[in-house]
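Working through the structure, step by step
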Protein chains: 2
Amino acid sequence: MKLKDYLLSVEDFPEEELDQILSSFKQQVLKKNTIVAKAGLVCNTLYYMEKGLARSYYNNAEGKDITAWFFNEGNFMTSMESFFHKKNSAYHLELLEDSLLYAISKDDLDQLFLNFPLMERFGRKLVIKLLGDMMGKLNAIQFQTAKERYLFMINEYPDLYYRVPLGHIASYLGITQETLSRIRAKN
Amino acid sequence: MKLKDYLLSVEDFPEEELDQILSSFKQQVLKKNTIVAKAGLVCNTLYYMEKGLARSYYNNAEGKDITAWFFNEGNFMTSMESFFHKKNSAYHLELLEDSLLYAISKDDLDQLFLNFPLMERFGRKLVIKLLGDMMGKLNAIQFQTAKERYLFMINEYPDLYYRVPLGHIASYLGITQETLSRIRAKN
DNA sequence: TACTTCCTTTGATATAGGTCAAAAAACGGG
DNA sequence: CCCGTTTTTTGACCTATATCAAAGGAAGTA
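A quick note: this is a predicted structure, and the numbers were derived from the prediction, not measured.

1. Overview of the confidence of the model for chain A
Close inspection of predicted coordinates is inappropriate in any region flagged by low pLDDT. The predicted model of chain A has a mean per-residue pLDDT of 93, with 99% of residues at 70 or higher. When pLDDT is averaged over each helix and strand of chain A, the minimum, 86, is found for helix H7 (residues 160–163) of chain A and the maximum, 98, for helix H1 (residues 3–10) of chain A.

2. A short note on the relation of the copies chain A and chain B
Relative to chain B, chain A is turned by 180 degrees and slid 0.1 Å along the rotation axis, the superposed coordinates differing by an RMSD of 0.0 Å. Given the turn and translation reported, the copies of this chain are related as if by a two-fold rotation axis. Measuring from the rotation axis to each C-alpha of chain A, the shortest distance belongs to Arg124(A), at 2.2 Å. Here 100% of the contact residues of chain A are again contact residues in chain B; the copies associate through an equivalent surface.

3. Description of the protein's contact with DNA strand D
Within the structure, DNA strand D sits among 18 residues, and Leu166(A), Gln177(A), Arg182(A), Ala146(B) and Thr179(B) are positioned closest to it. Each atom of DNA strand D within 4 Å of the protein belongs either to a base or to sugar and phosphate, the latter forming 55%. Between DNA strand D and the protein, one listed contact pairs a base nitrogen with a side-chain N or O atom of Arg182(A) at 2.8 Å. Take Thr176(B): an N or O atom from its side chain is 3.1 Å from a phosphate oxygen of DNA strand D. Put simply, the parts of the chain that give the surface near DNA strand D at least two residues each are helix H8 (166–173) and helix H9 (177–185) of chain A together with helix H9 (177–185) of chain B. Examining the composition of the surface near DNA strand D, we find that six residues originate from one element, H9(A), more than from any other. Residue classes in the surface near DNA strand D are distributed as five nonpolar, seven polar and six charged.

4. Section: the interface of chain A and chain B
Accessible area lost when the parts come together is the quantity often used to give the size of an interface. Contacts between the two partners involve 32 residues from chain A and, on the opposite side, 32 residues from chain B. Summing both partners gives a buried area of about 2900 Å² for chain A against chain B, and 70% of it is carried by carbon and sulfur. Counting across the interface, chain A meets chain B through four salt bridges. With its nearest N and O atoms 2.7 Å apart, the salt bridge here joins Arg124(B) to Glu120(A). At the level of secondary structure, the elements contributing two or more residues to the side of chain A that touches chain B comprise strand S5 (65–72), helix H3 (80–85), helix H4 (106–115), helix H5 (117–143) and H8 of chain A. The biggest single contributor to the side of chain A that touches chain B is H5(A), with 17 residues.

5. Topic: the protein's contact with DNA strand C
The full set close to DNA strand C counts 18 residues, and Ala146(A), Thr179(A), Leu166(B), Gln177(B) and Arg182(B) are the nearest of them. Sugar and phosphate atoms constitute 54% of the interface atoms of DNA strand C, taking the interface as everything within 4 Å of the protein. Here a phosphate oxygen of DNA strand C and a side-chain polar atom of Thr176(A) are 3.1 Å apart. The side chain of Arg184(B) places a nitrogen or oxygen atom 3.1 Å from a phosphate oxygen of DNA strand C. Within the residue set of the surface near DNA strand C, elements represented by two or more residues are H9 of chain A together with helix H8 (166–173) and H9 of chain B.

Cut-offs used in this document
Residues numbered from 1 in each chain as written. Chains lettered and ligands numbered in written order. Predicted model: local features only at pLDDT ≥ 70, side-chain atom pairs only at ≥ 80, totals over all residues. Heavy atoms only, no water. pLDDT = per-residue confidence, 0-100. Helix = DSSP H or I, 4+ residues; strand = E, 2+ residues; numbered from the N terminus. Least-squares fit on C-alpha atoms with pLDDT ≥ 70 in both. Contact = heavy atoms within 4.5 Å. Near = heavy atom within 4 Å. Polar contact = N/O pair within 3.5 Å; in protein donor to acceptor, adjacent residues only side chain to side chain. Nonpolar A, V, L, I, M, F, W, Y, C, P; charged D, E, K, R; others polar. Buried area = accessible area lost by both parts, 1.4 Å probe. Salt bridge = Lys/Arg side-chain N within 4 Å of Asp/Glu carboxyl O.

Pasting the structure below:
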């Protein structure tokens, strides 16, 4: 979904306002494997992913690569804690496919919030959506078995399953790659 | 913290606006064990907890009582998914102590959002805070051992530990009461 | 103070999922 | 199309935590 359509699907922005908002975003065409945000630095950019796929990940105490979240077409992407609170990011953001992104800086976004009450409302609704996604995952992780989580995952992101390495999905689900492989073998 | 002070700590509301906002909240003095929202119904109320303690919980497939979240002094409480999306609540909200609450209906809150841009901003920031809390817990649950989660918990909510039954804390942490008891015994 | 109910601890045993290791399969650049 | 690299599968074994059961403590009420 195009950014313009996404915005309009949430709030009924007047034409002129919409144009101003859209012009604050900068188009970026980037290759697979590009790191668009680095752990340890403040992530000052919010991305809309029009096409492509990405993940946030970090290396845990034992040095293992842990995928925290996936971002696919039609979603906003950033390192949330870092972006919202100007803290150093705990995560890297890495493109898993060639992607088409629209980027806006935090300063420009705040400017939009100041100028357009509808944008402020859009922002609130967007965060509520993120909160819902987060709660869904929290629930899945906390109270379901590895197999149930796997089923939850392929239900939520059916295509994603074929687009990313198994290991990323496993760590996202909080299980090992071996366990995920075995679960899959039994279906 | 009083509701008024909380509001002012986030946004610099003008006096008159603040009064109008505050008058949309209704004070409620309620006893321990009161259920302020029932699973299966839409939760149309947002509560500010000035004093007291509560939890959200549900009964899982095996009929076990699972605590999903705690709400203590100086926090907003509701069944989020239900409140934001008018869906039936998956959770009960139960007071764990005699409490002093300030309640506002979703309709009244939406009215405040329409009337006061600063309130809209407050709403966005509040949701961002909730999102941060949620991510902290998700992280703890997903990648830490039972013991680490326990330590995370007593760090985040030191007093709470002495105010609620062990079983509630255990299910909140995604472990059994017995395991939590054993962890505690070894410290 | 005793009775009832609720809460916490302790013990014995079972199991889901982790770890380590190596083979097999799939992928990608030249 | 081939070779090195990455990804996935399979096997053997281990550990953290669950489950089941029962005893001990604490707390509220009459």
